[in-house]
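The primary structure of each chain is shown beneath.
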Amino acid sequence: MSSGASGGGGGGGAASGGGNSNHQRGAAQRPNGQTQNKICQFKLVLLGESAVGKSSLVLRFVKGQFHEYQESTIGAAFLTQTICLDDTTVKFEIWDTAGQERYHSLAPMYYRGAQAAIVVYDITNQDTFGRAKTWVKELQRQASPTIVIALAGNKQDLANKRMVEYEEAQAYADENGLLFMETSAKTAMNVSEIFLAIARKLPKNDQSGGGGGGAGGSSQGRRLAEGDSGSRGPAGACCK
Amino acid sequence: MAKSSYSKVDEYGFERSENFNYESYDAFMSDYMRVLTRRAQRWNALENNIFRNTSVLKRFIRKGIPIDRRTDVWMRISGADKIKQNSQYSYSYMKKQIHNKAIIETIKIDLPRTFPDNIYFISNEALPEMLFGVLATFAHQNKEVGYCQGLNYITGLLLLATKDEESSFWLLKAIVDQILPQYYISTMTGLLTDLDVLDDLISKYEPVVSRHIKAIGMPWAMGTTKWFICIFAEVLPTETVYRIWDCLFYEGSKIIFRVAITLIRLHKPEILGATELGELMMCFKAMRSSEAVIDCHQFMKDVFKLSGNLSKNSIQKLREKYKK
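As annotated in an unreviewed UniProt entry, chain B carries the name Growth hormone-regulated TBC protein 1 and is attributed to Acanthoscelides obtectus. Checking UniProt for chain B, the heading Function (unreviewed entry) contains the comment "May act as a GTPase-activating protein for Rab family protein(s)."

An unreviewed UniProt entry lists chain A under the name small monomeric GTPase, from Acanthoscelides obtectus. UniProt lists a comment for chain A under the heading Sequence similarities (unreviewed entry), and it reads "Belongs to the small GTPase superfamily. Rab family."

Printed below as a string of structure tokens:
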């Protein structure tokens, strides 16, 4: 019931979110709508400089849409999306934050207790890559020690204006143990893939709730234990 | 019937959402048109004598300033006129001084991202240009603030109401320099203080809601940052926002707390029904399209009824208490 109410894009599921990427769908699909035996809920936060495409990545992932001009986010936006991964239903609670530097002091409340983070930069803007590194450092220092961090080099469709080399970002990601993909919210390239990669990396031994620190983590863990009855909605929606 | 009589775009050029409830809007509008006509007549009858009696003025403003008088009345009651008169430089002079490339670049990125669903902003160049003029000029003459995201939405709505770049600039200056000092500076201390003030007020007005929200673990900043930063622009329906701003310009920032308390009281059952953070956030988001806020005339009555006696003095004391 709660999942239904808050399922911003529950109907679509990963299948609609990443409609262009059939090969991924296979992995996320279950035959003939069998009941899922595990449901995990994870808190994921998006961080990065203003206008790198944080909201656009979320909009693509949750609703399968793209707006050339996405409104600037004030404070933060909250959305959910549920995907299926093997025998597990993964529900992401996504916090999409404001990028402008002065909103920085509000960020900790969003990454506190988060089990995953996507740090986004714009491949056509070197400064945004620097800012992404600062976010990664802050997360490593202040977020949950088990947080899964993904680095997204967004606006890959503008590769002809590239200012950040793929290899440079990949090397940085390797050094810091981050998942890394270049993405395009516009073409949908690697958008559902990056969320799926995160989902794969997150611990899914139910009670742990991903082992995230803070009160958020433990309360989610509790919900998951009793979540089975309410699971038909999202499970059916994304696995049919 | 009801569906066909309203355009997909509202009176201020915003596209109506897919789930827009035309029927309840129709019921509200047929009454509200009469209200608007009546208010216009009453204001016209008093002409400029309206400014003589402050209690009549306050009552009239709370019932809504007629559209065609909004710019002049806002300029006068907000103090923007005075700021303009006392300013060493004219707007056109200051506008010519725009030079900082970083500020210009940042603002330009946000121009097409401001109201991309508004036909007036996307269909002609004039409004985005005016928006740039106001924001860039403002950023250059108030260096402590510079450009803060959120001001683009406020300025956008000022422009849609006034259709005038210069008035919008002085009104923005009244808001940022006088009505909400310290909100938009780089540390945002004014905002952080007011979030604590709201927390304090809600714990007194609605202790049950306050405890519930704390138990779920939602900091007020999560649900209400945009309320304060945008003064409800992009949070509530446009007409409702203008009605709030009518009062904001005359009565000051206290109105933001009145509206916040009212929103929380009107949606108390939904808030208490939320069992986890995600649901709570959805509940805050849904306030935007609830019937209680679409009927702006009733909503403004609720604002002054449900937020009770809220003195400037008490807000001032709380602000001192939570000063950053």
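That shown, we press on.
Let us now look at the overall build of chain B. Scanning chain B for helices and strands turns up 21 helices and zero strands. The C-alpha atoms of chain B give a radius of gyration of 20 Å, which matches the 20 Å a tight globule of 324 residues would have. By its C-alpha atoms, chain B is 55 × 50 × 45 Å across when sized along the principal axes. By residue count, 58% of the 324 residues in chain B fall in the buried class. As displayed, chain B has an accessible area near 14500 Å², and 51% of this comes from carbon and sulfur atoms. Across chain B, the mean location of the 44 positive side-chain charges is 7 Å away from that of the 37 negative side-chain charges.

For the coordinates displayed, the defined rule picks out 21 salt bridges over all chains. Ionic pairing is found between B:D196 and B:K324, a salt bridge with its closest N-O pair at 2.5 Å. Here B:D196 is found in helix α12 (residues 189–205), whereas its partner B:K324 is found in the segment after α21 (312–321), with 128 residues between them in sequence. Judged by relative accessible area, B:K324 falls into the exposed class, the value being 51%. One connected set of salt bridges, linked through shared partners, spans A:E49, A:E101 and A:R131.

For the rest of this paragraph, the subject is the interface of chain B and chain A. Quite often, the size of an interface is put as the accessible area lost when its parts meet. Listed per partner, the contact involves 35 residues of chain B and 25 residues of chain A. A per-residue breakdown of the area chain B buries against chain A is headed by B:R113, B:Q149 and B:M222, which together make up 24% of the total. Inspection of the region where chain B meets chain A yields zero salt bridges. One can count 11 residue pairs in polar contact (both at pLDDT 80 or more) joining chain B with chain A. Secondary structure elements with two or more residues in the side of chain B that touches chain A: α7 (101–110), α10 (151–162), α12, α14 (220–229) and α18 (277–286) of chain B. A per-element tally of the side of chain B that touches chain A places α18(B) first, with six residues. Taken together, the residues of the side of chain B that touches chain A sort by class into 21 nonpolar, six polar and eight charged.

Next up on the list: the sheet that holds strand β3 (residues 88–97) of chain A. Spatially, the six strands line up as an open sheet ordered β2-β3-β1-β4-β5-β6 (chain A), and their pairing is mixed. The two strands at the open ends of the sheet, each matched to only one other strand, are β2 (76–85) and β6 (179–182) of chain A. Here the average twist between neighbouring strands, direction ignored, is 20 degrees. Here strand β1 (residues 38–48) of chain A pairs with strand β4 (residues 116–122) of chain A via five bridges, running parallel. Bridging from a neighbouring strand, A:L47 pairs with A:V119 of β4(A). Running over the sheet, α18(B) touches β2 and β3 of chain A and is turned about 130 degrees from β2(A).

All names here are of chain B. The geometry of α14 relative to helix α16 (residues 254–266) is characterised by a closest axis approach of 11 Å and an angle of 130 degrees between their N-to-C directions. By the angle between their directions, the pair α14 and α16 is classed as oblique. With respect to the hand of their crossing, α14 and α16 are arranged in right-handed fashion. For the pair α14 and α16, the contacting residues are W220, W227 and F228 in the first and I256, F257, A260, L263 and I264 in the second. A per-class count over the contact of α14 with α16 returns eight nonpolar, no polar and no charged.

What follows deals with the nonpolar core. Counting 146 residues, the largest nonpolar core has A:L151, B:Y184, B:W227, B:F232, B:L236 and B:W245 as the members making the most contacts within it. Considering each element in turn, this core owes the most residues, nine residues, to helix α9 (residues 126–141) of chain B. For this core, the domains that each give at least three residues are domain 1 (87–179) and domain 2 (189–322) of chain B. Ignoring sequence-local partners within four residues, the contact set of B:F232 consists of B:K226, B:W227, B:V241, B:I244, B:I256, B:V259, B:A260 and B:L263. Judged by nonpolar contacts, the second largest core, of 31 residues, contains A:F42, A:A185, A:A197 and A:I198.

Right, let's get into the packing of aromatic side chains. What describes a pair of aromatic rings is the distance from one ring centre to the other and the angle between the planes of the rings. Residue and element names in this part refer to chain B. Within this structure, the stated rule accounts for 32 aromatic pairs over all chains. Centroid distance Y12 to Y242: 4.9 Å. Interplanar angle 70 degrees. Geometry classified as edge-to-face. With Y12 in the loop between α1 (2–5) and α2 (22–46) and Y242 in helix α15 (residues 238–251), this pair connects stretches of sequence that are 230 residues apart. The same class applies to Y12 and to Y242, which are both buried. Taken together, the ring pairs connect Y6, F20, Y22, Y25, F28 and Y32 into an aromatic cluster. Sitting over the face of the ring of F60, R39 holds its NZ or CZ atom 4.8 Å from the ring centroid.

Residues and elements named next belong to chain A. Its location among the elements puts A171 in helix α7 (residues 166–176). Here A171 falls in the partly exposed class, since its relative accessible area comes to 36%. Between the C-alpha atom of A171 and that of A197, which follows or precedes it by 26 residues, the distance is 18 Å.

On the UniProt side, "domain: Rab-GAP TBC" (unreviewed entry) is annotated at positions that read residues 64–252 of chain B here. Secondary structure content for residues 64–252 of chain B is 69% helix and 0% strand, while the C-alpha to C-alpha distance between its ends is 16 Å.

On to a nonpolar patch on the surface. All names here are of chain B. Together, I119, Y120 and I122 make up a nonpolar patch on the protein surface, roughly 270 Å² of accessible area in all. Relative to the helices and strands, I122 resides in helix α8 (residues 119–123). For I122, a relative accessible area of 55% corresponds to the exposed category.

What counts, and at which threshold
- Residues numbered from 1 in each chain as written.
- Chains lettered and ligands numbered in written order.
- Predicted model: local features only at pLDDT ≥ 70, side-chain atom pairs only at ≥ 80, totals over all residues.
- Heavy atoms only, no water.
- UniProt positions renumbered as here; feature names shortened; annotations may be inferred.
- Helix = DSSP H or I, 4+ residues; strand = E, 2+ residues; numbered from the N terminus.
- Rg over C-alpha atoms; globule rule 2.2 N^0.38 Å.
- Buried < 20%, exposed > 50% of the residue type's maximum accessible area, 1.4 Å probe, protein only.
- Areas by Shrake-Rupley, 256 points an atom, 1.4 Å probe, with all protein chains shown as cover.
- Lys, Arg positive; Asp, Glu negative; His and termini not counted.
- Charge placed at Lys NZ, Arg CZ, Asp CG, Glu CD.
- Salt bridge = Lys/Arg side-chain N within 4 Å of Asp/Glu carboxyl O.
- Contact = heavy atoms within 4.5 Å.
- Buried area = accessible area lost by both parts, 1.4 Å probe.
- Polar contact = N/O pair within 3.5 Å; in protein donor to acceptor, adjacent residues only side chain to side chain.
- Nonpolar A, V, L, I, M, F, W, Y, C, P; charged D, E, K, R; others polar.
- Pairing = 2+ DSSP bridges.
- Axes fitted to C-alpha atoms, helices over the stretch in contact; angles between N-to-C directions.
- Parallel < 35°, antiparallel > 145°, perpendicular 65-115°, else oblique.
- Left-handed = near helix turned anticlockwise from the far one by under 90°.
- Core = buried A, V, L, I, M, F, W, Y, C linked by side-chain atoms within 4.5 Å.
- Domains from an automatic or database assignment.
- Phe/Tyr/Trp six-rings, centres within 6.5 Å; stacked < 30°, edge-to-face > 60°.
- Lys NZ or Arg CZ within 6 Å of the ring centre and 35° of its normal.
- Patch = residues over 30% accessible without salt bridge, like charges linked within 9 Å, V, L, I, M, F, W, Y side chains within 5 Å.

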